[in-house]
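One-letter residues, chain by chain:
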Amino acid sequence: MGGLVARALLTLKNFKPELINLLITQATPHTAPVMPLDKYLTDFYTAVNNHWILKAQDLRNLTTLSVAGGFRDYQVRSGLAFLPRLNQHDSALSVVSSAVPRAWASTDHLSIVWCKELILATIRAFFDLIDENTRQITEDPKKRMSVLNHHFVRHPAKIFEENPEAFTELTGAFMWITVRASKWTYSVYNDSDGRYFTFPLASHRKSYSHIYCENSMLDTSSWIYGCLKSNSSMCLEATDLSWRAELLPTTKIILLKLQDYPSLSHIVIQVPPAAGNKYNLACEFFRKDSRTVQLPVTHLLSFGFSSSKILLNSSGFLYNVQLQHFHQIYQAFKIYIDSHCQSHKERKPSVYRLHIPWSHEDSITVAKVPSLTEISAKLHIAQPQNDSSVPELNIYSSSDCQYEVILKTSLLQVFGQIIRFHAGALPVYAVCNILLAYGGQLSTLMSIGQCSDFSHELVRTAKPYKVEPLISIVVFLLGFNWFREIWESLSLPEVDAAVLSSQDAWFPLVSLILFLFGTGIAYWSGVFFSTSLRLFSSLWLTLIRPPVLGKDDELITPRRFCGVLSLCLISWTTCGAFAVFLIYLQYSFKVLHSDCSKETSKNLSMPTVNPQSLMNSTSKATQSLSNTTTTAEALSSLKLHVTILNLLTWIMLLYLPSLIYWLKNLRYNVRLDPDPCRCTALILICILEILMNSSTSKVKSSKLLKIAAKVPLPLSVATLAFGRLHLFKVPHFVTFSLLLHVLCCIV
């Protein structure tokens, strides 16, 4: 969050933006909060991001770099760390650590700050950013972006220089060797003589479009040049082309388009004299279309049973496999590359790079030859709408080897992507299912006079078709201007699904899967509460014999009123989440006490056969019937209380971060200010104090029960519509449903 605080400095009125010209953040969720648990946090994000968009012209001299951890960062997904690239300026750069040269690895949320490779890349960038005259970070924004691109995007295995196109003269007692073949390799160990290998371009321009060279020397000196003027034996005037090269884990490579260099007559590769080193050099001329193949990805619903295959009979050093129709975040594949060679001689390792052209989220894999390599293909962000590029699998291969590329949909990875992007919305779906079951319990109470089990009502009422179609219809209608104008005129907030759809991060099938996950979570939470209640009540009965269940017709007594005032005072003077936690404990104890009293009452109502009881059978039967009715009402009330306690548990979990923050800062200030849940806590305290002392006998005779039984369904729809991206709204909908329950107890 420190990176977001640094960006927020610029929103201050008296802060001067010119004081900062460089900002580097690591694993910072810039786009949105990981868990939008309170309104203050989402408003903070909105204010910061809107300021950077509106003041983009004023911030054009500020260079920003955001480094994400990749798929190993389970706390902050990398898509949240991508800075928006604005049209007004081009001073924001977002990369994933797996694409950073000399790092090439994903990091988790903590190790990104001590990853040695990232530390070295950052330090080298800082040194190159220093202006020699001022001894400060350079004021030139173009140079700053050049330095950051050099160290974090495309490293040519050469020390950064401002003028890489400078001409140079190739001198020295080096041996000049002319190579006229279209494909050439050179390997030497412990070479004491320097060499220049020259490749004439005149004889290759008509037949080939590109030249590719790779060099196993990983030093930081220049090694490839373009010859402008030459005689029969050497290059008279040359330009350094090393800046066009790129560093891979095992080699330096360069790919040149011949049409871009019409003035060059030769390509020259320098091999300096060195002792004790092994050099492997290779070059080839080729046509790009002959080395580019298209591989359509399998459909999402193929479930891994079908696959796409392609066979590459490698006669060169480079192949580009274009992955057609790979642009959504829910697409996830396993790519298997099986390499076979004709001979068993030692070969250089192959390098496979999955290149995503619209973002710097590449992943690189190094594999021995022959071998079977598995690569995971999935995205951090979806393809922008105005981008028509295609993801590529670059294979830097060994010659005379055969490569078979097999692509399959990975169902496990697809679910992983769904959880990665929408795990924060699972509490919303769980609460939605519990609300549906809660409404079902009130309906059965109204129809048959008894409250059914939570698990039974969950199976009966928690149906996706009751919730999802309405949201999908609203999202569809919001695409029309007339409906959007009506929606905005009613001051209704934007539907979260519409926001996610505009970001290409949503489609209805995902909502169905999350709804099923939410149903499972709600079901097992109900089982957990029921089992825990039985265990604790059994333990309580063995330790203490509670009194027999009696009737308490008064919902509000002076003692309870004082308790409500005390909790409201605690909420107002300290922390609302703390007051909710106290009322949660009180409610849990009340439910436990009711269950124990029910068991005692049930045991006492068991008939005992003896001669004296037969003499007064009518009186005994009446008393037994009364006890049975009381026990049935207690059981019905207990089932409803357990469901309310389940809802209250989710509210408590959503308020838990505020409670933890208040406890950690208690030594500085007793009162949490601002408190995101204070107002809701005051209402909940009053509601729960009445509910915990209520029974179904009062509820089922209320005239408002019909309304209270039908309201949870639209509230569950509203919870999904407005709570996915705003978790802090979920307790509001639950509170409103409980408020209607309280009115049923009173009216």
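Report on the accompanying structure. From a predicted model like this one, the values you see are computed outputs, not experimental measurements.

**Quick notes on the sheet that holds strand β6 (residues 183-189)**
Piece 1. The sheet built from 5 strands is open, its strands ordered β6-β14-β8-β12-β11 with antiparallel pairing. Lying at the two open borders of the sheet, with one neighbouring strand each, are β6 and β11 (245-247). Put simply, the sheet's adjacent strands are angled 15° from each other on average, direction ignored.
Piece 2. Looking at chain direction, β11 and strand β12 (residues 252-257) are connected through 3 bridges and run antiparallel. Bridging across to β12, glutamate 246 finds its partner in isoleucine 253.

**Some words on the packing of helix α3 (residues 116-129) against helix α4 (residues 141-152)**
Piece 1. At their nearest, the axes of α3 and α4 sit 9 Å apart, and the two run at 155° to each other. In this view, α3 runs roughly antiparallel relative to α4, as classed from their interaxial angle. The handedness of the crossing between α3 and α4 comes out as right-handed. For the pair α3 and α4, the contacting residues are Ala121, Thr122, Arg124, Ala125, Asp128 and Leu129 in the first and Lys143, Arg144, Val147, Leu148, His151 and Phe152 in the second.
Piece 2. Looking at the contact of α3 with α4 residue by residue, the classes come out as 6 nonpolar, 2 polar and 4 charged.

**Details of the nonpolar core**
Piece 1. Judged by nonpolar contacts, the single largest core of 102 residues is most densely connected at Val495, Tyr587, Leu688, Leu691 and Leu738.
Piece 2. When residues of this core are assigned to their parent elements, the largest contribution, 14 residues, is made by helix α15 (residues 617-664).
Piece 3. Val293, Leu323, Leu354 and Cys401 belong to the second-largest nonpolar core, a separate cluster that totals 28 residues.

**Here we look at the sheet that holds strand β3 (residues 92-96)**
Piece 1. Read across the open sheet, the 3 strands follow the order β1-β2-β3; overall the sheet is parallel. Where the open sheet ends on each side, the last strands, each with one partner, are β1 (22-26) and β3. On average, adjacent strands in this sheet sit at an angle of 10° to one another, irrespective of strand direction.
Piece 2. Pairing of strand β2 (residues 63-68) with β3, which is carried by 5 bridges, proceeds in the parallel orientation. Bridged to valine 67 within β3 is valine 95.

Thresholds, definitions, all that
Residues numbered from 1 in each chain as written. Predicted model: local features only at pLDDT ≥ 70, side-chain atom pairs only at ≥ 80, totals over all residues. Heavy atoms only, no water. Pairing = 2+ DSSP bridges. Helix = DSSP H or I, 4+ residues; strand = E, 2+ residues; numbered from the N terminus. Axes fitted to C-alpha atoms, helices over the stretch in contact; angles between N-to-C directions. Parallel < 35°, antiparallel > 145°, perpendicular 65-115°, else oblique. Left-handed = near helix turned anticlockwise from the far one by under 90°. Contact = heavy atoms within 4.5 Å. Nonpolar A, V, L, I, M, F, W, Y, C, P; charged D, E, K, R; others polar. Core = buried A, V, L, I, M, F, W, Y, C linked by side-chain atoms within 4.5 Å. Buried < 20%, exposed > 50% of the residue type's maximum accessible area, 1.4 Å probe, protein only.

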